[in-house]
Amino acid sequence: MVYQNILLETKDRISTLTINRPDKRNALNQATRDEIVHALESLQSSVDSRVLIVTGSGDKAFIAGADINEFEGRTALTQREAMKGLRIFDAVEEFPKPVIAMINGFCLGGGLELALACDLRFASDNAKLGQPEINLGIIPGGGGTQRLTRLVGEGKSMELILTGDPIDAAQAKGIGLVNDVFPANELRDRVHAVAVRIAEKSPIALRMAKEAVKTAARTTLREGLSRETDLFCFTFGSQDKEEGVRAFLEKRKPDFKGR
Ligand code: COA
């Protein structure tokens, strides 16, 4: 597939998916969403790719939400049709490798919902984050009411969703919405450094760790602990576990092969 709306590159085990509609503040239209799903499917089984960074093109926006042009005149029924099939938010959340949102500006509506589906979020100090759907007479529909509430709690989530007002990066860090904030001109390097550290780990252990942590919000403590035990034991079936343990005992750096 030749992409028109995204850029995808993989280098040194790190893939970067860039939404490339800077003139439209990287708003997500259907074509862009289709390309994102396709790109995720293509990366899923790639052994060259161990960590994915998602970002937006240009210096203004990560993603300014769904493309509002596509909402005009749309009925409840056609909107329901448009939301069938694999959705980008679920595709990112279920992606078996770590996904980092590199938030380089406006991160609104579906943009914040996409960031919420990622595993880690890092923002530039000039980023603005919010769920402004209420201003259009609608509500977040890409998981915002659920993932935002799970991440920051009901009070802060209500405030963002009911007022529609964006918050700045420092406020986002204060409520745990982003992991960290970096000066805009350092964002790329700082996020890349985190990605490099993660890409050195065992891809099998990363996958199990991601699934185990995700389970916490989806089930009871008892079921989650049981799932964790299964996934923990599963890592003992990997050559990477032998390599990791041996490397520690031999006082050297492990070389994880993902087997
Ligand atoms: N959908 C469609 N087009 C969008 C868009 C969106 N979500 N966000 C921005 N754009 C377009 C604008 O219409 C404009 O297009 P034009 O040049 O053809 O007129 C272009 O992107 C630039 O936007 P502009 O508003 O001029 O840029 P800005 O830097 O002054 O402001 C935002 C940026 C993000 C604050 C502002 O565009 C905005 O509020 N966007 C909508 C955010 C939103 O409500 N998202 C939730 C959607 S459910």
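A brief structural summary.

Conventions used here
- Residues numbered from 1 in each chain as written.
- Predicted model: local features only at pLDDT ≥ 70, side-chain atom pairs only at ≥ 80, totals over all residues.
- Heavy atoms only, no water.
- Pairing = 2+ DSSP bridges.
- Helix = DSSP H or I, 4+ residues; strand = E, 2+ residues; numbered from the N terminus.
- Contact = heavy atoms within 4.5 Å.
- Axes fitted to C-alpha atoms, helices over the stretch in contact; angles between N-to-C directions.
- Buried < 20%, exposed > 50% of the residue type's maximum accessible area, 1.4 Å probe, protein only.
- Core = buried A, V, L, I, M, F, W, Y, C linked by side-chain atoms within 4.5 Å.
- Parallel < 35°, antiparallel > 145°, perpendicular 65-115°, else oblique.
- Left-handed = near helix turned anticlockwise from the far one by under 90°.
- Nonpolar A, V, L, I, M, F, W, Y, C, P; charged D, E, K, R; others polar.
- Near = heavy atom within 4 Å.
- Polar contact = N/O pair within 3.5 Å; in protein donor to acceptor, adjacent residues only side chain to side chain.
- Areas by Shrake-Rupley, 256 points an atom, 1.4 Å probe, with all protein chains shown as cover.
- Salt bridge = Lys/Arg side-chain N within 4 Å of Asp/Glu carboxyl O.

The subject of this paragraph is the sheet that holds strand S9 (residues 167-168). Note: strands within a sheet are paired through backbone hydrogen bonds, in either parallel or antiparallel orientation. Strand order in the open sheet formed by 4 strands is S4-S6-S8-S9, with mixed pairing between adjacent strands. For this open sheet the edge positions go to strand S4 (61-63) and S9, each flanked by a neighbour on one side alone. For strand S8 (residues 128-130) and S9, the ladder comprises 2 bridges, and the chain directions are antiparallel. Note that in S9 the partner of Lys-128 across the bridge is Asp-168. Those strands touched by helix H4 (residues 110-117) are S4, strand S6 (106-108) and S8, and its axis lies near 85° from that of S6.

To continue, consider the environment of Cys-233. By the secondary structure assignment, Cys-233 is in helix H10 (residues 221-235). Assessed through its relative accessible area of 47%, Cys-233 is described here as partly exposed. Between the C-alpha atom of Cys-233 and that of Lys-24, which follows or precedes it by 209 residues, the distance is 47 Å.

Residues Ile-36, Leu-52, Phe-62, Ile-103, Leu-129 and Leu-177 are the most contacted members of the largest nonpolar core, which totals 41 residues. Ignoring anything within four residues of it in the chain, the contact list for Ile-103 reads Phe-62, Ala-115, Arg-121, Phe-122, Ala-123, Ser-124, Ala-127, Leu-129, Val-178 and Leu-187. Ranked by size, the runner-up nonpolar core spans 14 residues in total, among them Ile-100, Met-102, Phe-122 and Leu-206.

Okay, the sheet that holds strand S2 (residues 14-19) next. If you trace the 6 strands from one edge of the open sheet to the other, you get S1-S2-S3-S5-S7-S10, paired in mixed fashion. Since the sheet does not close on itself, it has two edges, and those belong to strand S1 (6-11) and strand S10 (180-182), each with one partner. Averaged over all neighbouring strand pairs, the angle between strand axes comes to 20°, with direction disregarded. Judged from the 6 bridges that link them, S2 and strand S3 (residues 51-56) form a sheet pairing that is parallel. Counterpart to Ile-19 in the pairing with S3 is Gly-56.

For the rest of this paragraph, the subject is the packing of H4 against helix H5 (residues 144-152). Relative to each other, H4 and H5 sit at 55°, their axes nearing to 10 Å. Classed by the angle they form, the pair H4 and H5 counts as oblique. Once H4 is placed against H5, the crossing between them reads as left-handed. Listed contacts from H5 to Glu-113, Leu-116 and Ala-117 of H4 are Gly-144, Arg-147, Leu-148 and Leu-151. Along the lines of polarity and charge, the residues of the contact of H4 with H5 split into 4 nonpolar, 1 polar and 2 charged.

Taken together, 15 residues surround the ligand, and among them Lys-24, Arg-25, Ala-64, Ala-66 and Ile-68 come closest. Take Lys-24: an N or O atom from its side chain is 2.4 Å from an oxygen atom of the ligand. One nitrogen or oxygen atom from the side chain of Arg-25 is found 3.1 Å from an oxygen atom belonging to the ligand. Here the ligand, which alone exposes 870 Å², has 60% of that area covered by the protein. Residues of the shell around the ligand, tallied by class, amount to 9 nonpolar, 1 polar and 5 charged.

With that settled, the discussion passes to the pattern of salt bridges. A full pass over the atoms with the stated rule returns 20 salt bridges. With a shortest N-O distance of 3.1 Å, Asp-67 and Arg-21 are connected by a salt bridge. Taken together, the residues span a long stretch of sequence, with Asp-67 in the loop between S4 and helix H2 (76-82) and Arg-21 in the loop between S2 and helix H1 (30-44) at a distance of 46 residues. The exposure class of Asp-67 is buried, given its relative accessible area of 7%. Note that Lys-84 is salt-bridged to Glu-81, the shortest N-O span being 3.1 Å.

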